[in-house]
Structures are given as C-alpha cells and as structure tokens.
Number of protein chains: 2
Amino acid sequence: MIKIAIMGYGVVGGGVAYLCREKRESLERKSGLSFSVKYILDQKAFPGDPWADRIVTDPDSIFEDPEVSLVVETMGGITAAYEYTKRALLAKKHVVTSNKELVSHHGKELLDLAYRQGVYYRYEAAVGGGIPLLVTLREALAANDILRLDGILNGTCNYILTKLSYEDMRFDEALTQAQRLGYAERNPEADVEGLDAGRKLAILASMVSGEWVHPEKIHIEGISHIDREDAEVAASLGKELKLVSMLRTKKSGDKTQYGLLVAPVLIDSEHNLSIAQGVYNAVQITADPVEDILLYGPGAGALPTASAVLGDMIEVCNHEWTEERGEQWTDLKEDRLIAYGDQEVRALIRIKSGLSSGDLSSHLRDLGGFELLESPLEGEELILTTNPKLREGRLESAISELPEEYFIRVLRLLD
Amino acid sequence: MIKIAIMGYGVVGGGVAYLCREKRESLERKSGLSFSVKYILDQKAFPGDPWADRIVTDPDSIFEDPEVSLVVETMGGITAAYEYTKRALLAKKHVVTSNKELVSHHGKELLDLAYRQGVYYRYEAAVGGGIPLLVTLREALAANDILRLDGILNGTCNYILTKLSYEDMRFDEALTQAQRLGYAERNPEADVEGLDAGRKLAILASMVSGEWVHPEKIHIEGISHIDREDAEVAASLGKELKLVSMLRTKKSGDKTQYGLLVAPVLIDSEHNLSIAQGVYNAVQITADPVEDILLYGPGAGALPTASAVLGDMIEVCNHEWTEERGEQWTDLKEDRLIAYGDQEVRALIRIKSGLSSGDLSSHLRDLGGFELLESPLEGEELILTTNPKLREGRLESAISELPEEYFIRVLRLLD
C-alpha cells in the first residue's frame, strides 16, 4: 500500500483522485501496486466530495508524514507549487506533476534537488496530456538521435484554428465557444499567445538536449492575430492552419544545435499532423535511426491527463531510484540554440493589392526571390511564398521594408 | 561495458550490430550504457564485414561465456530460435527479440522460464517495428483498461492495398513490386494470408489480457483474394482497404471477454488509421480513461526495428530484474475469447447482378435486413451493407444461402 498526497484538487488532481478510488482493483491487478490517497491539499472545501475528509489546508501535514512516499502536484502556476514541490523533495518524497509552467521554469533546479535526495521528479502529464510522449523519448527512442519534432501541443489553439478552418468562424466566436465548452480559460492569454505551447517545447528541448532550455529562449508567436481570412488562404492552397511547436536539430561536425520556434503554420491537408482536429494533440518525431513516428491523442482533459500522472506514479513506484535513472539537465551551453534570425523557414506573405510589381520586388529584395500565388481574395490581396531556406532575419528585414499599410500577415509553411 | 551476443545476422541483427558500432558514443551519452558485441551467431560467413571476426557458428560459445549478459535473438522462425532462446535463458542471460513467430507460439513458456531464471525476455521489436507500442501498453497506459485496438501491423499487406487503391494496380502486380523492393518475401504467404498480422495480434492480446493467446485461436483472413475491384468499391464509398488486426474488449459484470479478428476492412478515408500508407504501420488504441491514442511509424526495416531492439536492451540493462517487473502470461481461461461466430460486425457484400430483389431478400434473410448501395460497377454487381451489429455466424449462414455463382466478396466495415 503506497500512501500518496495530491496537492491541488482541480481538474487533473480530481481526475487522479477519481482513478485511485474507482480503478483501485484494476490498477492493482495491472501494476501490482495499490495507491491510497491520504491527503488532498486544497484551500477550498469540497462538501459532499467522497474524499472531503482527506482534504487538508496545511501542507506540513503532508511533508511531515513519513507514511507518504509520493506527492502528486496538480496545483498549476508557480509560486506555491514551486515551494511545495521543493519541500516535498526535501522530505524525500517522489513528486509527479502535470505542471508545465513549473517544470519549464524551474525544471533544472527541481530535477537537481530530486537527484540529490535520491527521489524521482516526473512530468509526463505536463506535455501532451494522455499522449505517451515523454516515455517514448526517454525509453523507446533511447537509442535514437532526435532530428526534428513538430508538435500540436495546445488543444485550445487547435480547437480555435479548427473552427476557423472548418466552420467558417471568426477568431472571437471560436474563442468564446472554446471558453463556453471549458476548452479555454477565462483569461486565454497563455494559450492563444502561444506561451503554453512554448513551455511544452521548452520541456521537450530540455529532455532532448539534456540541457535546460528556459521558455524565454524560444521565439514564440501565438494565434491571436490569426483570423478566418488566413484559414481561407490556407484552404485555397489545400492547407490548414496549426499552431506548431518546432524543434530542428542541426549537426555540423561535433557541434549540435537546436532551432526552436512556436508559430502558426500552414500544413498540407494530407500531412500526418492534420489528424489532430479540435482539442486533440499530435506530435511527429523524426529520429535517427527510427525515422518518422507520430503520436496522437487527447492533449488535455481530466482523465487523460490523470492517466499520464498514474503512469508516472506506477513507473516511479516500480523502479527503485538509481543514479542512472535519475534525470538531470545541465546548464544550456552558449551557442546551443540557433539564434532566431538564423533559423530557416519557408514563409507565405499576405500583402494588400496596390503595389506595382517593381515596387514589390524592390521592397522585398531581402527575400532573394519569391513566387506569387493565386489568392482566393483576388483583387484585394497578393499571396507570395519565399524560398524554402530563407533565414528568419531576412524575412523580418524584408517585411520591415514593406510599407506598413500593405502588410497583412506572415505565415510559415511546414514541409 | 555490457557484452552481448547477436543470434541471426540478417536484416534486423545487422541493424543492431550497425547501431552498436556506429552509434556507440551517442548511445553511451544518452543511456549511460556501453554495449560491446562479442559474438554474432550465424551459419553463413560474412567476408569483408567489419565484424567478420566476431561471427561464430557454434551457439555454445555464447551460452558458456559468463561475460555475455544479454542475447539478441533476430533469427526469425521457430525451431533453432526456440532452442537457443531457452538455452540463453537457462544460462541466465537476458533475451531481447524481434521474433513475433516465436513470441506468439512459445511466449508463455519463454516468459515463465525467464521469470524463474530472474532475467528479462523482451519483444518490443516483434510488433510494430519502430513504433513504441508495447512500451506504451506496458508503461504509459499501465493505469488504463484497453477497450479496443485496431492495428495496421503488416507493412507488406498495407503496401499492396495502397497500390490497389492509389495506383490502380492488380494484386499480382503490387505483390511483384513489393517483392522487387524487398517489402515482401519470395514466399509471401505469411504476410498476404494474414498470419504475420495474426501473430502480432496474438502477442498484443496476450499482453492486454495477461493470458496467453495462441495465434490459432484467432480468426484470420488475409488479402490474397482482394483485388482492384474491391479498392474501386471502397473508393466509391469514400473508403479505403486496410488489413486490420482488431481487439475488442467486452465486459459484462465481472466477466471480461475479448473479440479478436484479422481481416481486410474498409475504413473511411478520413479515419485516423488512413495515415498509414505504403509500408507504414499505425495502431489506434481506445482505453479507459485515456480515450483514443494513435501511434504511427515504420513497422519494419532494419534500423527502425533495430532501434526497438536497442530500446529494450537499454530498458533491460537499466532496470535490475525484480519479480514485479518480470512478465508472465497465465493460461488462457476458457470463455475468455468471444467465439468467432458471436463477434459483431458490419459487413459490405458484393453480389453479381441477376437475382430478383425477392430472391435476394429471401437468400439473405439471416442478415436481418440490409441496405443496397450504389455500385461503381452498376449493372454488373450489387453492393449491400448489413446492420452494424451483425453476428459473424449469421453473416456466414446468410452467405451460405446465396447461390455460389452470385457471391463475390464480403468486406467488413470499420466504424
């Protein structure tokens, strides 16, 4: 009997409690483990909850109880979660979390602390919800070099973009609907500005490189400026819009560098990632030697995410801690990340009609050539695509030469 | 330094040797392990091979060498592989295999033996090549009940069916091309008759149920009777043909039963599984609580499969054996599998034109109703679909009532 505590009784914490209660027998049969939830830490009261009697408001009761060997942190946010996670680790308790904000911002310190204490800090549920993504990187692909990763990792954005593409909605309508259905927060900034997708990419990049990548090191563009017309342009080209977290590995001699970017991109409607519609997530990984792998599933939701937490709990409790299995991220080496301006991209640019072709060519000289496409909004705007290996810096400088009143949007193309 | 032996220096064994040699540094950096291939067992000589000096023809040199702690079995087939695997386990060496035929036919005995010896017998590479399928079932979904699994697990068949669907080829042409490209064996029977897909389903069913399911317990239909006209019918309905290994879990009270079937089915062109084209594999898993997960990747090939072998090698060497982590399959309980005739299906039936509608209804009475669809081969044949929950037994008896000269084909529909 493994006694655990759950810190944070919200959607995911509630899901973990539910599974520990309702799936006890099948969990025990399948894993050989029996989990007993001794404490649930939350400042709110939950009258009528089947486990109302286990709710505590004082975290010390958890840290000071030697019976508790594992703590689930599903509080979200940083301040309190950070402090309580450290105290749980200091008390030599394993910690399993779904908190991507905390892992991306303080992962190195918390992993180091766990390592020194000889306990696990695990975070499968922080990226991709119920998709077995981190375990795949950690175990199944242990013999592989990750060359490239493209992930649709934010269900809220994907839901909104799906609505723009397939139901002809405007951004505001789609967001309101996502909020009404509980897919988006009242304050949707972290989702629609791409911060959540950026945190997840930061965690993936840290795992892949073994060096701590803070989300601030990543160029992040969200989808709040995207609207139906972008989806129309995409559709006219047989493509659709996705917010994609991208990792590219570049090797030259002994040197390995990573290009990291979160941005709305156009993918071909036949692209594997297009199976992720609505709130679903999908990740395509290109690795050496395994080639292309795609993982798809529910990226959020109480029970899928709780299922990933349980997976970590079982993994942690079934494997005695050893130095080899303890994870650490070293400091990020200077020059490990490709500067944003040096990343290569193929872009699509929407420009209002009215410029002469001579003016256009002269303004956009820095693109080193482009191709004009037919626009579904003919007469109103031009669409052009750049060479496939354009540096972001040159794209930026070309755009800055364009008279502001003509510029509509840059969208990147995923090959 | 972990000394290993590779038994069978074919495609996959060669891939494992290649990775151990060419990826030594990155393997060591990522896993903390260093593998040294001490022996390669093969009856053939490999003059000029970089490791020609490690090739042995006498297996005893491996079993009797106390330095060797892990043996990779990539021989394929049963007779010798079975004997050598047993002897390796008896000598207390871990065994990692890609041999689905052996695992499906003797898995219980070999897992039992490994368990008694306190070593691992692992087989990730036996199902789905480079796709992290077994590790997902074993670890990531440890807290889940598997409700349903649909797998495209045979690349040869999927290649042939893709060619029928998209390049208007006939079966024989597609098979010949697959053979020329090395995707099909000279004797393609195990692939095109569905035996390979059946073995893989048997392994998955054994893992999911914890009880040993011999491939003979599974109703298996291959694709050798399928041809271009079936693909045309599929396309006219917005569907495509796939050979799918299916598992359905049925719970009634405390009783859990599994329906297992391998058959060519029609899937909607928008179905997630349709991303598997050519030799690629894909598996969709519906589980409680995680809902739908899809895994996609290369189901065969030297390096993808060798990557899965390496994943197992790392997993085995980084986790001291414990009773909890040792896997065993118990005997299959009577009544655990739903009898073929009791499995439920929705079928599409192709019938030659000429029967009056009265005759048709009377012959097909056992279907309990059907719907006539428009056929792309109008005048020549009729297409009808059955109710969605028709028992296979009733389908069979309805077909047996139909005058033989009118019957063309039954294809099942995947919902």
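All of these numbers come straight from a predicted model, not from anything done at the bench.

Draft legend 1. Looking closely at the overall build of chain A. Assigned secondary structure in chain A consists of 14 helices and 18 strands. Taking the principal axes of the C-alpha coordinates as reference, chain A spans close to 75 × 50 × 35 Å. Residues counted as buried form 50% of the 415 residues belonging to chain A.

Draft legend 2. Spatial organisation of the interface of chain B and chain A. In this assembly, 42 residues from chain B lie in contact with 43 residues from chain A. Of all the secondary-structure elements, those providing two or more residues to the side of chain B that touches chain A are helix 2 (24-31), helix 6 (133-140), strand 12 (291-298) and helix 12 (302-317) of chain B. When grouped by side-chain class, the residues that make up the side of chain B that touches chain A number 21 nonpolar, 12 polar and 9 charged. Examined bridge by bridge, strand 12 (residues 291-298) of chain A and strand 12 of chain B share 3 bridges and lie antiparallel to one another. Its bridge partner lying in strand 12 of chain B, Leu295 of chain A is registered against Leu295 of chain B.

Draft legend 3. Broad picture of the sheet that holds strand 2 (residues 35-41) of chain B. Residues and elements named next belong to chain B. Taken in spatial order, the 6 strands of this open sheet run 3-2-1-4-5-6, and their pairing is parallel. Single-partner strands in this sheet number two, and they are strand 3 (55-56) and strand 6 (121-122). Alignment of strand 4 (residues 68-73) against strand 5 (residues 94-97), held across 4 bridges, turns out to be parallel. Counterpart to Glu73 in the pairing with strand 5 is Thr97.

Draft legend 4. Geometry of the relation of the copies chain B and chain A. The two copies are related by a screw motion: chain B maps onto chain A through a turn of 180° and a shift of 0.0 Å along the axis, at an RMSD of 0.0 Å. Taken together, the rotation angle and the small translation identify this as a two-fold axis. Scanning chain B for the C-alpha nearest the rotation axis identifies Leu295 of chain B, at a separation of 2.4 Å. Looking at the interface residues of chain B, 100% of them are also at the interface in chain A, so both copies use one shared face.

Draft legend 5. Molecular detail of the sheet that holds strand 6 (residues 121-122) of chain A. Residues and elements named next belong to chain A. The strand order across the open sheet built from 6 strands is 3-2-1-4-5-6, with neighbouring strands paired in parallel fashion. Pairing within the sheet leaves two strands with one partner each, and these edge strands are strand 3 (55-56) and strand 6. Bridge count between strand 1 (residues 2-7) and strand 4 (residues 68-73): 5 bridges; the pairing is parallel. Directly across from Met7, in strand 4, lies its bridge partner Glu73. Here helix 4 (residues 79-90) sits on the sheet in contact with strand 1, strand 4, strand 5 (94-97) and strand 6, set at roughly 160° to strand 4.

Draft legend 6. Summary view of the confidence of the model for chain A. Mean pLDDT for chain A: 95, with 100% of residues reaching 70 or above. Among the prediction metrics, the complex's ipTM stands at 0.93, with pTM recorded as 0.95.

Draft legend 7. Structural context of the pairing of strand 1 of chain A. The sheet contact formed by strand 1 of chain A and strand 2 (residues 35-41) of chain A spans 6 bridges and is parallel. Considered in strand 2 of chain A, the bridge of Ile6 of chain A is made with Ile40 of chain A.

Draft legend 8. Structural view of the environment of Arg248 of chain A. Residue and element names in this part refer to chain A. On the secondary structure map, Arg248 appears in strand 9 (residues 239-252). For Arg248, a count of 18 C-beta atoms within 10 Å gives the class partly exposed. Excluding its chain neighbours within four sequence positions, the residues that come into contact with Arg248 are Arg148, Tyr258 and Gly259.

Draft legend 9. Spatial organisation of helix 4 (residues 79-90) of chain B. Residues and elements named next belong to chain B. In this model helix 4 runs 17 Å from its N-terminal to its C-terminal C-alpha over 12 residues, within 8% of the 16 Å that 1.5 Å per residue would give. In this structure, the buried side of helix 4 is in contact with strand 1 (2-7), helix 3 (60-63), strand 4, strand 5, helix 5 (100-117) and strand 6. Lys92 sits one or two residues past helix 4 and shows a positive phi near 60°.

Draft legend 10. A look at unusual backbone geometry. The residue after Asp288 of chain A, namely Pro289 of chain A, is reached through a cis peptide bond having omega 15°. Relative to the helices and strands, Pro289 of chain A is located in the loop between strand 11 (280-288) and strand 12. Positive phi, normally seen in glycine, also occurs at Asp335 of chain A, with a value near 80°. Tracing the backbone through its elements, the reader meets Asp335 of chain A in the loop between helix 12 (302-318) and strand 13 (344-345). We classify Asp335 of chain A as exposed; it has 9 C-beta atoms within 10 Å. The phi dihedral of Glu291 of chain B falls on the positive side, at around 70°, and the residue is not glycine.

Draft legend 11. Region of interest: the pairing of strand 4 of chain A. In terms of burial, strand 4 of chain A is a largely internal element, 5 of the 6 residues being buried. The parallel pair strand 4 of chain A and strand 5 of chain A, bridged by helix 4 of chain A, forms a crossover whose chirality is right-handed.

Draft legend 12. Spatial organisation of the packing of helix 7 (residues 155-166) of chain B against helix 8 (residues 171-180) of chain B. Residues and elements named next belong to chain B. Viewed as axis vectors pointing N to C, helix 7 and helix 8 meet at an angle of 130°, and their least axial separation amounts to 9 Å. Judged by the inter-axis angle, helix 7 sits oblique to helix 8. Crossing angle aside, the handedness with which helix 7 passes helix 8 is right-handed. Contacts between helix 7 and helix 8 involve Thr156, Tyr159, Ile160, Lys163 and Leu164 from the former and Phe171, Ala174, Leu175, Gln177 and Ala178 from the latter. A per-class count over the contact of helix 7 with helix 8 returns 7 nonpolar, 2 polar and 1 charged.

Draft legend 13. Inspection of the environment of Leu295 of chain B at higher detail. Among the structural elements, Leu295 of chain B can be located in strand 12. The sequence separation of Leu295 of chain B and Leu273 of chain B amounts to 22 residues, and the corresponding C-alpha distance is 9.3 Å. Apart from residues lying up to four places away in sequence, Leu295 of chain B is in contact with Leu295 of chain A together with Ile131, Pro132, Leu133, Thr136, Ala282 and Val283 of chain B.

Draft legend 14. Structural detail: the environment of Thr97 of chain B. All names here are of chain B. In this structure, Thr97 sits in strand 5. Of the residues examined, Thr97 has 28 C-beta atoms within 10 Å and is grouped as buried. Put simply, Thr97 and Val72 are 25 residues apart on the chain and 5.7 Å apart in space, counted from C-alpha to C-alpha. Not counting chain neighbours up to four residues away, the residues in contact with Thr97 comprise Glu73, Leu102, Val103, Tyr123 and Ala126.

About the thresholds
Residues numbered from 1 in each chain as written. Chains lettered and ligands numbered in written order. Predicted model: local features only at pLDDT ≥ 70, side-chain atom pairs only at ≥ 80, totals over all residues. Helix = DSSP H or I, 4+ residues; strand = E, 2+ residues; numbered from the N terminus. Buried ≥ 20, exposed ≤ 12 C-beta atoms within 10 Å, placed from the backbone. Contact = placed C-beta atoms within 7 Å. Nonpolar A, V, L, I, M, F, W, Y, C, P; charged D, E, K, R; others polar. Pairing = 2+ DSSP bridges. Least-squares fit on C-alpha atoms with pLDDT ≥ 70 in both. Axes fitted to C-alpha atoms, helices over the stretch in contact; angles between N-to-C directions. pLDDT = per-residue confidence, 0-100. Expected span 1.5 Å × (residues − 1). Right-handed = clockwise from strand over helix to strand, strands pointing away. Parallel < 35°, antiparallel > 145°, perpendicular 65-115°, else oblique. Left-handed = near helix turned anticlockwise from the far one by under 90°.

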